[in-house]
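Observations on chain architecture
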Amino acid sequence: MKLKILIIAAIGIFFSLSGCESVKPYQRKYLNDYEMKPGQPGSRRFEEQVQAYREGSSGGGSSKSSGGCGCN
Amino acid sequence: MKKRYIVIGLLASSLASFAQRPDSTYKKRKLSTTDVQIIMSYYTQDNDHSAVTGGLGTEDLQVYATQIAVDHQRDSSNSFHFDAGLDIISSASTDNIDFVKSSASKIDARTHVNTGYNRKFKKKSISAGASGSFSIESDYTSVGGALYFSRLNPSQSREISMSLQMFFDDLRWGRLHDGHPEKLIYPVELRNKEWFDHYRRDSYNLELGYFRIINKRMSLGIYPGVAYQSGLLSTPFHRVYFSDSVRRVENLPLSRVKFPVGIQLNTFLGGRWIARTYYRFYWDDFGVVGHTLNLEGAYKMSRVFTITPSIRIYAQTEADYFKEYRQHKGAEEFYTSDYDLSRFTSLKPGLGIRYAPYSGKDRTTFNAIELRYAFYLRSDGMAAHMVTLFINYSQEKKKNGGNNMPRQ
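Residues numbered from 1 in each chain as written. Chains lettered and ligands numbered in written order. Predicted model: local features only at pLDDT ≥ 70, side-chain atom pairs only at ≥ 80, totals over all residues.

**Considerations on the overall build of chain B**
The following threshold applies: Note on conventions: DSSP H or I runs of at least 4 residues are helices, E runs of at least 2 residues are strands, and numbering of each starts at the N terminus. Here exposure depends only on C-beta density: within 10 Å of a residue's C-beta, 20 or more other C-beta atoms make it buried, 12 or fewer make it exposed, and intermediate numbers make it partly exposed, the C-beta atoms being placed from the backbone. It is the C-beta atoms, placed from the backbone, that decide contacts: two residues are in contact if theirs lie within 7 Å.
When its secondary structure is counted, chain B shows two helices and 19 strands. Burial statistics for chain B: of 408 residues in total, 32% are counted as buried. The contacts of chain B with a sequence gap of at least 6 include a subset with a gap of at least 24, amounting to 57%.

Printed below as a string of structure tokens:
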């Protein structure tokens, strides 16, 4: 069942990518907005770090930037 | 006929008057940009499942964190990064290791620095960089390094990236207080023997990225990765209570492999709403499988104010080695009662407000000030509050004698 969902998601992503349109640099008013930035910009970074300590999983676009155990 | 000649003549003269002429006073000017970011945050949590006391006991913790990051772009090719921070940690559970060594650590501190260099190679739109980091707290010293690479396609609509981070950690106690690490610190009643003959932990994180502009309002990023850890993955002052009343120090395997993959889809909806959607799937060989869904809706109240409500939902399975207080059996090879490795779900609603004033040519002002609050609730009972203040300021400097000006 999980594999099916993954395959469907992969196919969906493939088709969504193949339908991409060409966007000229002067047409990127919306894409250049601060809130459209990829990753976790600004104050979100601190919350990412806390979550990496308090949960078993990490990574996937939110890698930690320095060492530390968070073992308290 | 005459009219036609007059029109052609007028057009030719107007074009000639607008045409560019060689400017003998023109000099190529370079811009250097300095971007300063300050983060101040407060975190508080409480629960009754501390791993220091074997899964039963206070987890009361407060962290005051401050960080400053400076990015200096010297010219269009070279940029430098530096950040440093100090976390003041007040931990009630650490005080339960013993009442001598760790009592001072009821108020602990973590200091960290990170510096790097990045270079853009214009011909192939390639960027490459390297960085080094160092962090220290009473029970932990970490030295790290990282390599970065990214490449944009000619139309700048696709980017592939790769980063390799490495951390080399020393878990011996004492370097922060007198500069000389002494030994691993075990719970006070379990110091009759050395539980581990190694004190290092090495981590290697390889992360790939594929970023794609879908259309004028939508972008997609896919971030698969692999992480490998080896060495002492147990925390030497975590207790485990067994069903037969035996007490031991937590013991975890000497290596761990993690596979995360994150997908982020950002969409500008209408004129004021931006939807930020993020999903991550995670698997590791400890038996933890995690799913994260983060939804944010940034609403532009005006040209300078943006409000961002968000919700994050997370679920994970428990590690193969986790059991609750007094549930472990004596014959087990690996064991922990750390609830960070238990099965749980968590919910984190949050709200952020960002003020980004327009900075004029002759004014000195902040680029942006952002305040965020989030409440974190874990299904095992843990509740936490996070408040973060983020301040950003940038300045552009014309290298050939131009004016300094803040950047919007």
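**Section: the interface of chain A and chain B**
It is common to give the size of an interface as the accessible area that goes away when the parts come together. Counting from both sides, the interface comprises 37 residues of chain A and, opposite them, 67 residues of chain B. Looking at the side of chain A that touches chain B, the elements that each hand over two or more residues are helix H1 (2–18) and helix H2 (44–54) of chain A. Here the element with the most residues in the side of chain A that touches chain B is H2 of chain A; it accounts for five residues.

**Brief notes about H2 of chain A**
With respect to burial, H2 of chain A is a largely interior element, eight of its 11 residues being buried. Turning to H2 of chain A, its buried residues are Arg44, Arg45, Phe46, Glu47, Gln49, Val50, Gln51 and Arg54 of chain A. The secondary structure elements touched by the buried residues of H2 of chain A are strand S1 (31–46), strand S2 (61–73), strand S17 (368–378) and strand S18 (383–398) of chain B.

**Remarks on the pairing of S2 of chain B**
Residue and element names in this part refer to chain B. Formally: Pairing between two strands is assigned when DSSP locates at least 2 bridges connecting them.
In this structure, S1 lies alongside S2, joined through 13 bridges in antiparallel fashion. Within S2, the residue paired with serine 41 across the bridge is alanine 65. Linking S2 to strand S3 (residues 78–91), which pair antiparallel, is a turn of four residues.

**Structural notes on the confidence of the model for chain B**
Residues and elements named next belong to chain B. Threshold: Per-residue confidence from the prediction method is given by pLDDT, with values spanning 0 to 100.
Mean pLDDT for chain B: 87, with 85% of residues reaching 70 or above. The low-confidence segment residues 10–26 (pLDDT under 50) makes zero contacts with residues lying over four places distant or belonging to another chain. This model gives residues 101–105 a pLDDT under 50, and the stretch forms eight contacts once residues within four places in sequence are excluded. In the predicted assembly, ipTM is 0.82 and pTM is 0.86.

**Looking at the environment of asparagine 78 of chain B**
Residue and element names in this part refer to chain B. With respect to the helices, strands and loops of the structure, asparagine 78 is situated in strand S3. A count of 13 C-beta atoms within 10 Å places asparagine 78 in the partly exposed class. Considered as a pair, asparagine 78 and arginine 119 are 41 residues apart in the sequence and their alpha carbons are 4.8 Å apart.

**Notes on the pairing of strand S5 (residues 126–137) of chain B**
Residues and elements named next belong to chain B. Of the pairings in the sheet, the one linking strand S4 (residues 107–121) to S5 comprises 11 bridges and is antiparallel in character. Looking at the pairing, asparagine 118 lines up with glycine 129 of S5. Between S4 and the antiparallel strand that follows it, S5, lie four residues; serine 125 among them carries a positive phi value of about 50°. Relative to strand S6 (residues 140–152), S5 is paired through 12 bridges, and the arrangement is antiparallel. Along S6, the bridge assignment pairs glycine 129 with tyrosine 148.

**Considerations on unusual backbone geometry**
Residues and elements named next belong to chain B. In the Ramachandran plot, glutamine 156 falls in the positive-phi region, its phi being about 60° despite a non-glycine side chain. Mapped onto the elements, glutamine 156 comes out in the loop between S6 and strand S7 (158–170). The phi dihedral of arginine 326 is positive, around 60°, even though this residue is not glycine. We classify arginine 326 as partly exposed; it has 17 C-beta atoms within 10 Å.

**Focus: the environment of alanine 374 of chain B**
Within the fold, alanine 374 of chain B resides in strand S17. Alanine 374 of chain B sits 65 residues away from proline 309 of chain B along the chain, and the two C-alpha atoms are 9.6 Å apart. Excluding residues that lie within four positions of it along the chain, alanine 374 of chain B makes contacts with Glu47 of chain A together with Lys348, Gly350 and Met386 of chain B.

**Observations concerning the environment of glycine 116 of chain B**
Residue and element names in this part refer to chain B. Summarising the element assignment, glycine 116 is placed in strand S4. Judged by C-beta crowding, with 20 C-beta atoms within 10 Å, glycine 116 ranks as buried. Setting aside its immediate chain neighbours within four residues, glycine 116 contacts His81, Gly129, Ala130 and Ser131.

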